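Okay, here's what each chain looks like letter by letter:
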Amino acid sequence: QKGSATVVCVASGGFPSAWRLGWKVGGSSSSSGVSNSLEDLGRDGRYSWSSTLSLPADQWRKAGSVSCEAGLTGQSPVTQTLEPDRCSE
């Protein structure tokens, strides 16, 4: 969408169901513009989750990095990072 950026993070094949997805924008935790799905139990007994982050275009361009973190409380998260200046518009 013009004037904004939307990023979707999907984690699948997880167990137990207590995993959570979170976002960091420019290295700082962000909950603004975030929409999380409920976990979905697959036929294989494993869970999947998704989280959507929407940012105004100017904040997206200035962010430097946008990271999705998946993790369990007390454990190091699994992180995937995007660099906005490397993404096409």
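Scroll up to find the structure this text is about.
Worth saying up front: this structure is predicted, and the values here are computed from it rather than measured.

A. Examining the pairing of strand β6 (residues 47-56) more closely. Side-chain alternation along β6 places Y47, W49, S51, L53 and L55 on a buried face and S48, S50, T52, S54 and P56 on a face that remains uncovered. Inspection of the sheet shows strand β4 (residues 34-36) paired to β6 by 3 bridges, in the antiparallel sense. Of the residues in β6, the one forming a bridge with N36 is S51. Turn length for the strand β5 (residues 40-41)-β6 hairpin, with the two strands adjacent in sequence and antiparallel, is 5 residues, and the turn residue G45 shows positive phi of about 85 degrees.

B. Summary view of the environment of G42. With respect to the helices and strands, the residue G42 is situated in the loop between β5 and β6. As a C-alpha pair, G42 and G26 span 16 residues in sequence and 33 Å in three-dimensional space.

C. Main features of the sheet that holds strand β2 (residues 20-25). Read from one edge to the other, the open sheet built from 4 strands follows the order β3-β2-β7-β8, with strand pairing classed as antiparallel. Lying at the two open borders of the sheet, with one neighbouring strand each, are β3 (28-30) and β8 (78-82). Averaged over neighbouring strand pairs, the angle between their axes works out to 30 degrees when direction is ignored. Here β2 runs beside strand β7 (residues 66-71); their pairing, made up of 6 bridges, is antiparallel. What sits directly across from L21, in β7, is A70.

Analysis parameters
Residues numbered from 1 in each chain as written. Predicted model: local features only at pLDDT ≥ 70, side-chain atom pairs only at ≥ 80, totals over all residues. Heavy atoms only, no water. Buried < 20%, exposed > 50% of the residue type's maximum accessible area, 1.4 Å probe, protein only. Helix = DSSP H or I, 4+ residues; strand = E, 2+ residues; numbered from the N terminus. Pairing = 2+ DSSP bridges. Axes fitted to C-alpha atoms, helices over the stretch in contact; angles between N-to-C directions.

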